[in-house]
Amino acid sequence: MKRIALNLLQLLPGLMTFAYSSHSFALDDKQVKELVLLIDDRQRNSGDYASTVFIDQKEKDGSTKAFEARVYRRDADDKWMILFTKPKAEAGKGYLRVEKNLFLYEPSLGKWERQTERANIAGTNSRRDDFDESRLAEEYDAKFVADEKLGKFPVHHLKFAAKTGIEVGSPQLELWVDQESKNVLKRQEMALSGKLLRTIYYPGWDKMFSKSKNADVYVPREIRVFDEVEKGNGTTVVLRDVKLDPLDANMFTKAWLESQSK
Amino acid sequence: MQVLELSSLIVKVAFRNLWLYRLKTVVIASLLGFGSFLSIVGLTLLRDVEATMQESIIGSVAGHLQMYSKKAKDDLAIFGSTFMGRQDIGVLEDISTYRDALLRHPEVQAVIPMGIDMGMLGRGNEMDESLDVLRAALKGGDPVIINERVEQLGFQIEQLGRELAERKKVTQDQVEVVKEEADLAKVKEAAFTESVARGDESALQYLETRIAPLSGEKLPIYLMYLGTDIDLYRQNFPKFRVVAGEVLPPGQRGIMLSNKVREDQLKNTAARLFDKLNKRVVKLKIPIKGDAENLRLVQDLPRQYNQIMAYLDRAEAVELHESLKQLGIPATEGTLIAQLVQQVKDFLKVDDQNFEARYRWFYEQIAPKIKLYEISPGETILLRSYTKSGYIKSLPLKVYGVYSFQGLEDSDIAGVMNIIDLVSLRELYGQMTESSLKELQEMRSQVGIKEIAAENAEDALFGDGAAATVESRVEAPTPAPQATIQVKPVIPDMFDVTEVGKGLALNAAIKLKDDVKLQDLKESLEKDLKSQGLDVKIVDWQQASGFVGQFVVIVRLVLIFALGVIFVVALVIINNSIIVGTLNRIREIGTMRAIGAQKSFVVEMFLAETAITGLIGSCVGTFIALGLLIWLGDYGIPSSHDVVTFLFSGPRLYPKLHPGIILLSPLFVTGVATLASVYAARHAAHVTPAEAMQEKE
């Protein structure tokens, strides 16, 4: 569950397409800023969002766990919902966030639990804020490192350091952005000391048109997370059935979530 | 014959000298007497505490020996180690293999599989509970019950209004309070109440998201649990007693709460403070006035008025208001809530004069109206725990009963553990069953995930063999209604009883038929298991109990150190006194030597003096120690602290007389003192008649 929460951070944002010309030379500060704003802007989707996610976790000791869940988001009302569908033992469990409240549903008891604003998601290091959209430009100072090749793809390598006084999940991170499509292909997160914590790959993106945004939105197809501290631990997240159309007005309620497991 | 005569002469001379230098004799005898007293009392208490502690630990959780994996990163510490955090003691993959191998040893009576971990219970505030009850009533559809619940909610909202008004007077964040007042004003409207009674989802959600948080947050409860084979456990741990509800039936998922945990963590705070005061004021007879702890509890009690108010409905509030008036606690002016709050606060103000009456009144009149315990037998709780991989796993568990350990009812250490069935422990630990592994494989094959290692992830994902593009256009599919999930979580209440006898355990208690030499046995068991390919660590009860077991080691070291200091002081004094005595007695020694006394005679004379002093002092010390121990054996040493209660295996320790300690201690003290005076005695024997004559001159 811990990894689920962490990885949902990576999959919730929808990335928007943007006409941006391709370059294969070093970026100056202005271009870096524009690129970062673009990455942030791609994640903003003012409309509703729904998808099915599959999360597969493998530990170095051989233990393994997988979940399938449906994720629903309505940014306009600051609401979101996660409903676990597989495996059977977890099916029907869910989280519902409405304003400052996070409710956890346990279908075997038919009971809800309201967690505090400060509570971590599923008791992990993830906070509710982690599920909000990315704010790279607001939270980090970015600088260009080099133009490199990631496999066969030419990429811009960027380095980010958290701005003073802003609390962020990763004090330092690096991104490798595809020069052609401007999609993030690789992300590395570091501790304040510079110690590498996680490497995340985004091998595929789907581009979809959002009516509410009246623009294209980019959504990762698959996310591969490798733990750099506990070597051998890894998580794969796969997204399916992404929908950007308006969801039912009454969806973000306890009654709706309860009704899903009857 | 000559030897006897010589010995008799030495003793006579020694007695004469002791009398002659009686002050010195008294000082040395007192010191050695104190040494004997201390060693007899200290060693007796230490042996008794070891025995009672052994009884506590062996009879409650640990058994004689504990077994866990050799691959463990941490040492097993059943009652917690000095380091915080979760212990990693590895796993025993299939307990049946270990059990079968161990039961072949004639000394082994039983092998009880176990696992200890920490879980968490989330909980909402009183308003959350009321809203849950209201939702249940709405689902039930009975209009009478619905109206009752809505009325109860209205009463709570009124109380919230009063609390908010109080908060407004003191808070700096006026903007927030004004916003909250507006929220409250909305829900007080008749139209809103009607929509709540109709079950309008948006009205209910408004109450849950805007109003319930105003009642404050309750911290989660952390519960330590021991997963085990409950039948085997009961047979082998005789201190286990059910105090409420029933025993967790074999083959059923469930939990038995520790009575101590229930009283200390799950009881209404006002009741808990009353209980603590009752124990101190009535049972231990410590007056409130002048006792800092009692005064602190007394000051805290009126602050808990809301722990009573929050559970009352209007009818109960009216009834309590009248009862308190009859008790002589008048109401001031204002609304019913304002009056009752003042009355309850006044009722909770206790002193030495009114405490006993108020305590009784609380349990007779108030306790039946409030929720005394957050969890009671018959309810089902949702226990949440981290699996070994760091996920959170939650399991619904029925509370079957409440238990305690006989004689250890007041011990926090013994009462820290709640007991669950072993199958639930395995799930909370994150063990996958065959069917769950199969389900996982099916899920993976449906999604079609390719396995990639971290080392070659970049090549596999972005290399030449990878997809030509990382981007593709997907036309937004036509929205289709999501299919309802028809499957409820599959968590059966029951399991096959044979399941607990095989499969995973984290550790296991080994009960022996008789008290045997644990050290020899554990080594032989370890060796035997290893020869069968089962690599485990086997530790005795003391080692397994963690910091509690180390307590006796520390006490023993302190005692040995204290005895050592006394001995050193005594020996220095003895040596000095002999050497100084020699200087004083040069003429006497010289004369003895001149009339034919051998050096050995002088040495023996001095040794005899020390031995006689030691014997007299030790005997006096021994008699005093005996008297004290006999008296303590009748009256007992009261436990002043929870840890001590656990060490005493009850509220008092009744020391026993151990003949070995009583006989050997004075002999040991005398012997050591005599041997230690050899050097000084030899020094005295070197005095010559010539020196004695010079002394004379």
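Our subject is the structure listed above.
A brief report on the enclosed structure follows. From a predicted model like this one, the values you see are computed outputs, not experimental measurements.

**Regarding the overall build of chain A**
Inference 1: The helix and strand tally for chain A stands at 4 helices and 14 strands.
Inference 2: Here chain A holds 262 residues, and the buried ones make up 61% of them.
Inference 3: Residue pairs in contact within chain A that sit at least 24 positions apart in sequence constitute 51% of those at least 6 positions apart.
Inference 4: Of the roughly 10000 Å² that chain A leaves accessible, carbon and sulfur atoms contribute 48%.

**Looking at the interface of chain A and chain B**
Inference 1: Facing the 84 residues of chain A at the interface are 73 residues of chain B.
Inference 2: Regarding the contact of chain A and chain B, the summed buried area is about 6900 Å², with carbon and sulfur atoms giving 52% of it.
Inference 3: Here chain A and chain B share 9 salt bridges between them.
Inference 4: Viewed at the interface, chain B and chain A are joined by 19 residue pairs in polar contact (both at pLDDT 80 or more).
Inference 5: With 9 residues, the single largest contributor to the side of chain A that touches chain B is strand 12 (residues 196-210) of chain A.
Inference 6: For the side of chain A that touches chain B, the per-class residue count stands at 33 nonpolar, 19 polar and 32 charged.
Inference 7: The pairing of strand 12 of chain A with strand 9 (residues 471-473) of chain B spans 3 bridges and is parallel. In the sheet register, Asp206 of chain A faces strand 9 of chain B, and the bridge partner there is Ser472 of chain B.

**Points about the side chain of Glu126 of chain B**
Inference 1: By secondary structure assignment, the location of Glu126 of chain B is in helix 4 (residues 126-140).
Inference 2: When sequence neighbours within four positions are dropped, the list of residues in contact with Glu126 of chain B reads Gln156, Lys218, Gln307, Ala310 and Tyr311 of chain B.

**Some remarks on the environment of Leu320 of chain B**
Residue and element names in this part refer to chain B.
Inference 1: Note on placement: Leu320 falls in helix 14 (residues 314-326).
Inference 2: Since its relative accessible area comes to 0%, Leu320 is described here as buried.
Inference 3: Beyond its immediate chain neighbours, meaning those up to four positions away, Leu320 contacts Ile308, Leu312, Leu340, Val344, Trp361 and Ile366.

**A short note on helix 4 of chain B**
Inference 1: With 15 residues, helix 4 of chain B should reach 21 Å at 1.5 Å per residue; the first-to-last C-alpha distance of 21 Å fits that figure.
Inference 2: For helix 4 of chain B, the complete set of buried residues consists of Glu126, Met127, Asp128, Ser130, Leu131, Leu134, Arg135, Ala137 and Leu138 of chain B.
Inference 3: In this fold, the buried residues of helix 4 of chain B make contact with strand 7 (111-115) and helix 4 (254-259) of chain A together with helix 5 (143-170), helix 7 (190-198), helix 8 (201-211) and helix 13 (306-309) of chain B.
Inference 4: A distance of 3.0 Å separates the backbone nitrogen of Met127 of chain B from a side-chain oxygen at the start of helix 4 of chain B, and that oxygen is part of Asn125 of chain B.
Inference 5: Two residues or fewer after helix 4 of chain B comes Gly141 of chain B, characterised by a positive phi angle close to 85 degrees.

**A few points about the pairing of strand 3 (residues 64-74) of chain A**
All names here are of chain A.
Inference 1: Summarising burial for strand 3: 11 of the 11 residues are buried, a large majority.
Inference 2: In strand 3, alternate side chains face the same way, and those of Thr64, Ala66, Glu68, Arg70, Tyr72 and Arg74 on one face and Lys65, Phe67, Ala69, Val71 and Arg73 on the other are all buried.
Inference 3: Where strand 2 (residues 48-58) and strand 3 come together, 11 bridges link them in antiparallel fashion. Paired with Ala50 across the bridge in strand 3 is Tyr72.
Inference 4: Between the end of strand 2 and the start of strand 3, which pair antiparallel, lie 5 residues, with Gly62 showing a positive phi angle near 95 degrees.
Inference 5: Linking strand 3 to strand 4 (residues 79-86), which pair antiparallel, is a turn of 4 residues; within it Asp78 sits at a positive phi near 60 degrees.

Calculation criteria
- Residues numbered from 1 in each chain as written.
- Chains lettered and ligands numbered in written order.
- Predicted model: local features only at pLDDT ≥ 70, side-chain atom pairs only at ≥ 80, totals over all residues.
- Heavy atoms only, no water.
- Helix = DSSP H or I, 4+ residues; strand = E, 2+ residues; numbered from the N terminus.
- Buried < 20%, exposed > 50% of the residue type's maximum accessible area, 1.4 Å probe, protein only.
- Contact = heavy atoms within 4.5 Å.
- Areas by Shrake-Rupley, 256 points an atom, 1.4 Å probe, with all protein chains shown as cover.
- Buried area = accessible area lost by both parts, 1.4 Å probe.
- Salt bridge = Lys/Arg side-chain N within 4 Å of Asp/Glu carboxyl O.
- Polar contact = N/O pair within 3.5 Å; in protein donor to acceptor, adjacent residues only side chain to side chain.
- Nonpolar A, V, L, I, M, F, W, Y, C, P; charged D, E, K, R; others polar.
- Pairing = 2+ DSSP bridges.
- Expected span 1.5 Å × (residues − 1).

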